[in-house]
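# Chains, contacts and geometry: an overview
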Amino acid sequence: MGEIMTTRLEGAVPAGQPRRPSLADMLMGMALVVVAAAYLLPFAASGNEAVDNFSLVFSSIVLEAMPFMLLGTLMGGAIEVFISRGRMESLLPRSAAASACVAAAMGIVFPVCECAIVPVVRRLAGKGLPAAAAIAYLLAGPIVNPVVGLSTAMAYNFDWRPVAIRLGFGYVIAVGVALSLSRAFKRGSLFAAGVVPDEHTRTYGQSDHGHGGCSCGRGHSHRRGHDGGAACGCGRGHGKSGSFGERISAACNHALDDFMATAPYLVAGAAIAAIAQTCLERRLFVDLASSSLLSSAVMALLAILLNLCSEADAFIAASFRGLVPFSAQMAFLVIGPMFDIKLLLMYRSLFKARVVPLLAALVVTAVLLMSVLIEAMGIAL
Amino acid sequence: MTHIIAETIRRWRLPLVCLAWMFTLLGLMMRGAYESFLAASFLPIIILSIAILLPLAFLALLRRTVPRFGVREALATAILLLPLAYIHHSKKTTLGSGAFSTRYVGSGISESRGMSPVRGGDNGGTSLLTVFLETDKYAGKKITVLGMLAKNNAQVERLLNKAYPLVFRFVMTCCAADATPIALVLENGEAVNLKDDDWIEASGRLRVRTVGGQDLLALEEASIRPVPAPEQPYLYMQWGVF
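Quick look at the structure, then.

Each value, and the rule that gives it
Residues numbered from 1 in each chain as written. Chains lettered and ligands numbered in written order. Predicted model: local features only at pLDDT ≥ 70, side-chain atom pairs only at ≥ 80, totals over all residues. Heavy atoms only, no water. Helix = DSSP H or I, 4+ residues; strand = E, 2+ residues; numbered from the N terminus. Rg over C-alpha atoms; globule rule 2.2 N^0.38 Å. Buried < 20%, exposed > 50% of the residue type's maximum accessible area, 1.4 Å probe, protein only. Contact = heavy atoms within 4.5 Å. Buried area = accessible area lost by both parts, 1.4 Å probe. Salt bridge = Lys/Arg side-chain N within 4 Å of Asp/Glu carboxyl O. Polar contact = N/O pair within 3.5 Å; in protein donor to acceptor, adjacent residues only side chain to side chain. Nonpolar A, V, L, I, M, F, W, Y, C, P; charged D, E, K, R; others polar. Pairing = 2+ DSSP bridges. Core = buried A, V, L, I, M, F, W, Y, C linked by side-chain atoms within 4.5 Å. Patch = residues over 30% accessible without salt bridge, like charges linked within 9 Å, V, L, I, M, F, W, Y side chains within 5 Å. Areas by Shrake-Rupley, 256 points an atom, 1.4 Å probe, with all protein chains shown as cover.

Attention shifts here to the overall build of chain B. The helix and strand tally for chain B stands at 7 helices and 7 strands. Taking 242 residues into account, the globule formula puts the C-alpha radius of gyration at 18 Å, and chain B, at 23 Å, lies well above it. With the principal axes as the frame, chain B shows a C-alpha extent of 75 × 35 × 35 Å. Across the 242 residues in chain B, those meeting the buried criterion constitute 57%. Counting contacts in chain B only where the partners sit at least 6 residues apart, residues at least 24 apart contribute 70% of the total.

Okay, here's the thing in structure tokens:
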């Protein structure tokens, strides 16, 4: 947004004429005011129970997610430096459908939670992972993995039906949404600037280090171009000539860039989720659910607002047994790891702005269809 | 002068963000204060985070190219440091009756194979979590449990057509955001000189009441006495299979 302001100041406005603030300027100004107010809140309203609860929940969500996000960014940095584009292309089938099907199951081998997966997928997409495969892994990874399967089994008293339904539908929905999005958008119009290289110039758009200097700190010449191997996310080839230490250093530098690019979205999402957790009465969601479809919609909304970790959410869903239908509990468990407020904001670091609402709409629609199907099949606990 | 300040901010922004987070985590770990926010089992993950943040801070400082610093980066930095203000200022060590009233849906943890309480048996009594996990074992027997007091709950009042005090605890899986309340209704319990969130020991005979299609656990002829807060306010479950 700083670039927008600079461009306008330099060119479009005649000298002496005051510049009209753009919508982007106003949004940035509003965000700064909100953040400044947020800094004052814990000091100004200390002792207020709602503020104290918000403070506790907000800190908890961030503290829980931050380590996994750091690990995710390190994994992303390692992928960037140690895995070549050629190697990445050879790992998955060529067809979009087949690659999405394989990628959606990758969580079984590489279990990654929803906070860590965004930076990992940013780097995988930059490395040339097909769009369908990247989205499938993004959506399915936090559900279709052994840790989530086990925690769901525990919460439901080792009844394996909820486990099978959660993981099975999670997989199918992830593949379906991934294929739909990859067909609706070209690769270049799907991912945010800085995530994938320009197909012609092999350079990246505006990113945290899109200022023209690579931040990986290796001091390599821009003229070295791409080796077709270990292409770096910064848009300049690292080659494989660096020592192991240098490559570790480069991986960490990329991790730092990803951390700075995605963590603010995580914090903003956590703040909104903490407000929802503090203000919303969960019982209201039960009372609102007069039909099974409405129950599913309401429970899906609750999952979006609560922003729970996919390893813990099954225990919350299980606490609604006897209060909402089983299909609604499954809607809660499938939608949460794919799309909640925190993820909605974090996805902005991965996708272009217009992609995120469509992704959300597709996930919500698919989850509601799943609920209808579960009801039609008469599955209940 | 302005140029020097701007250059300093550009150079030190990323290392300082990493160091601020690292020292905050270190402080929480040293004081054990992280258990107000996270499950005790998160300690190795916090140590790992500290181990990641330290080299990242040094690498950020050693970078040959200094990242740009504009309004966008200033906003991102302010957002990234915001939780630290809340963590340092947080005085509450546990969620209380406010969170209990928004989170309680009249149900909670039920009997579950393979699950057992990590902490409990507080003050020699029976852990509230044990009562919920092994309801059949305790039904009809006289028990003593430790928890916080909620003088009333709208949901319970609606079900029982009468206001009763409750004793409750939060069961945490990962962090305070997923903490689920469990509660016993204290039938005929007198909580005259006590207030919400006071720690109490409640004794009485456990009874399972089915009201409106859901089970409510209650202590008959409950007696209540105030007690000091336990060292660990949250309850945890462990997976018995491990």
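A word on the interface of chain B and chain A. If you look at the interface, chain B gives 76 residues, while chain A gives 77 residues. In total, chain B and chain A occlude about 6,900 Å² of area from one another, counting both sides; carbon and sulfur atoms represent 69% of this. Interface area lost by chain B to chain A is led by Arg63, Arg68 and Tyr86 of chain B, which between them contribute 11%. Where chain B packs against chain A, one counts 1 salt bridge. For the interface between chain B and chain A, the tally reads 12 residue pairs in polar contact (both at pLDDT 80 or more). Elements that contribute at least two residues to the side of chain B that touches chain A include exactly helix H1 (2-31), helix H2 (43-62), helix H3 (71-89), helix H4 (97-103), helix H7 (154-160) and strand E7 (235-239) of chain B. For the side of chain B that touches chain A, the residue count by class is 43 nonpolar, 20 polar and 13 charged.

All names here are of chain B. The buried fraction of strand E3 (residues 166-172) is high, at 7 of 7 residues. Neither face of E3 is open: one carries Leu166, Phe168, Phe170 and Met172, the other Val167, Arg169 and Val171, and all of them are buried. Bridging between strand E2 (residues 142-150) and E3 involves 3 bridges; their strand directions are antiparallel. Bridged to Leu149 within E3 is Val167. Across 6 bridges, the pairing between E3 and strand E4 (residues 180-186) is antiparallel. Paired with Phe170 across the bridge in E4 is Pro181.

Here we come to the nonpolar core. Counting 207 residues, the largest nonpolar core has Phe58, Phe191, Phe332 and Phe351 of chain A together with Trp21 and Leu184 of chain B as the members making the most contacts within it. Considering each element in turn, this core owes the most residues, 13 residues, to helix H3 (residues 49-82) of chain A. For Trp21 of chain B, the residues in contact, after removing those within four places along its chain, are Val62, Leu63 and Met66 of chain A together with Leu53, Leu80, Pro83, Leu84 and Ile87 of chain B.

This brings us to the pattern of salt bridges. Under the criterion given, the structure shown has 13 salt bridges over all chains. Residues Glu134 of chain B and Lys137 of chain B are paired through a salt bridge, measuring 3.4 Å at the closest nitrogen-oxygen approach. In this structure Glu134 of chain B comes out as partly exposed when scored by relative accessible area, which is 31%. Looking at Lys137 of chain B, the relative accessible area reads 47%, which means it is partly exposed. Residues participating in the shared-partner salt-bridge network are Glu80, Arg122, Arg123, Lys127 and Asp258 of chain A.

Here we come to the pairing of strand E5 (residues 199-211) of chain B. Residue and element names in this part refer to chain B. The pairing of E2 with E5 spans 7 bridges and is antiparallel. Looking at E5, one finds that Leu146 is bridged to Glu201. Bridge count between E5 and strand E6 (residues 214-226): 11 bridges; the pairing is antiparallel. Residue Arg207 lies in a different strand from E6, and its bridge partner there is Ala218. Counted along the chain from E5 to the antiparallel partner E6, the turn is 2 residues long, and its residue Gly212 has a positive phi close to 55°.

All names here are of chain A. On the surface, Leu23, Met26, Leu27 and Met30 cluster together to form a nonpolar patch covering roughly 430 Å² of accessible area. For Leu23, the position within the fold is in helix H2 (residues 23-44). Overall, Leu23 belongs to the exposed group, its relative accessible area being 60%.

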